[in-house]
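# Geometric and topological summary
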Amino acid sequence: MANIAHETENQLPVTKSIYYFSGTGNSYYVAKTIADSIGAVLKPIVSLKKGDVIEADILCFIFPVYDFKPPKKVTEIVENLSKISANYTIAIGTYGVALSSTLNYFKKSLNQKGVILSRGYGIKLPHNAVGSIGFTDEENYTRILRADKKICDIVGNIQARTVGDIEKTSIFENMTILKQFPHIIKLLFILLFKGPKSLEFTVTGDCISCYQCKKICPVNNIEWVNGKPDFGKDCTGCFACLQWCPKSAIRIGKYGFKGICMKHYHHPKVKAVDLIMDSSRE
Ligand SMILES: Cc1cc2nc3c(=O)[nH]c(=O)nc-3n(C[C@H](O)[C@H](O)[C@H](O)COP(=O)(O)O)c2cc1C
Ligand code: SF4
Ligand code: SF4
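It should be emphasised that the depicted structure is a prediction, and the values quoted were computed from it without experimental measurement. (Residues numbered from 1 in each chain as written. Chains lettered and ligands numbered in written order. Predicted model: local features only at pLDDT ≥ 70, side-chain atom pairs only at ≥ 80, totals over all residues.)

## Here's the deal with the sheet that holds strand 4 (residues 53–64)
An order of 3-2-4-5-6 is seen for the five strands of this open sheet, with the pairing classed as parallel. Unpaired on one side and paired on the other, strand 3 (41–44) and strand 6 (119–124) mark the two borders of the sheet. Along the sheet, successive strands turn relative to each other by an average axial angle of 25 degrees, direction set aside. (Pairing = 2+ DSSP bridges. Helix = DSSP H or I, 4+ residues; strand = E, 2+ residues; numbered from the N terminus. Axes fitted to C-alpha atoms, helices over the stretch in contact; angles between N-to-C directions.)

Okay, structure coming up:
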């Protein structure tokens, strides 16, 4: 049951800050919509550095669910901050299959910093990774519409500062995982018989050297070698490079999107430029 949070006497700045991590725009869309509605400052989580301090009145973290957990990069960044102070803190995980206990993992990272999570929400949006081929365009459209309704409810809760559940689901939520299952099995077979190297990113001759992948990579993992992108070792697996490439020139090993059971996807209301942090990266 949700309660109204008591006003605190903390002398924290009156800022409302939203930090997001996003590969294909789902989490960015949620973050931007909430920021516009409550008048918050929107920043990428990856802009935070080791030892940084966050002080805010209202604080939100918004990120995708990876392997039923928060992205490792997000956890690492948050755990390496030297201080987080906020009167009201929420976390939102966007996901394509099941939220599972993602937000409880994140809650533990915040607890280490002495922060209490006031509420945690999951928002189901189109799946952007292996197995996304199993979901129809109609299903994805319905999810986007339903998400808008939930975002509206969350905005109301933030404004009223309600304190309540940290949402959690089974990994079998609505049995969505069954649609993904055969594709995951295929991936595991590739990994088992061909090894992880067979799934490293490669670039085809269709590349027009536009730099978009390099500019959009949230962790600056792409170098430029002989006029083409070259992938480093710090990949978070966000699929931004793959999904935003205007020529579909990035492949996983020798597999095209279909071969890896993936669909082209990015949030329809988000543009690549919205996610580019450093347009001078060339
Ligand atoms: C590497 C990777 C792992 C993922 N793992 C999960 C998962 O365990 N459960 C789930 O429901 N969705 C999973 N997804 C789907 C994303 O969480 C979902 O599509 C999310 O909304 C994408 O957010 P973004 O557009 O902000 O990047 C995964 C996506 C990627 C790229
Ligand atoms: S986004 Fe695609 S076309 Fe542009 S440089 Fe990267 S791989 Fe090449
Ligand atoms: S290399 Fe591609 S998948 Fe990896 S972190 Fe960068 S944009 Fe994301």
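Structure shown, so let's carry the discussion forward.
## Notes on the packing of helix 1 (residues 26–38) against helix 4 (residues 137–160)
Running from N to C, helix 1 and helix 4 point in directions that differ by 45 degrees, and their axes come no closer than 10 Å. Classified by the angle their axes make, helix 1 and helix 4 are oblique. Relative to helix 4, helix 1 is oriented so that their crossing is right-handed. Residues Val30, Thr33, Ile34, Ser37 and Ile38 of helix 1 touch helix 4, and the partners they reach there are Ile151, Ile154, Val155, Ile158 and Gln159. A per-class count over the contact of helix 1 with helix 4 returns seven nonpolar, three polar and no charged. (Parallel < 35°, antiparallel > 145°, perpendicular 65-115°, else oblique. Left-handed = near helix turned anticlockwise from the far one by under 90°. Contact = placed C-beta atoms within 7 Å. Nonpolar A, V, L, I, M, F, W, Y, C, P; charged D, E, K, R; others polar.)

## Details of helix 5 (residues 177–194)
A rise of 1.5 Å per residue sets the reference length of helix 5, with its 18 residues, at 26 Å; its end C-alpha atoms lie 25 Å apart and thus fit the reference within 8%. Phi turns positive, to about 85 degrees, at glycine 195, one or two residues after helix 5. (Expected span 1.5 Å × (residues − 1).)

## Describing the site of ligand 1
The full set close to ligand 1 counts 24 residues, and Ser22, Asn26, Ser27, Pro64 and Val97 are the nearest of them. When contributions to the shell around ligand 1 are tallied by element, the ones reaching two or more residues are helix 1 and strand 5 (83–95). Class assignment for the residues of the shell around ligand 1 results in 12 nonpolar, 11 polar and one charged. Taken domain by domain, the shell around ligand 1 gets at least three of its residues from each of domain 1 (3–178) and domain 2 (183–275). (Near = placed C-beta within 6 Å. Domains from an automatic or database assignment.)

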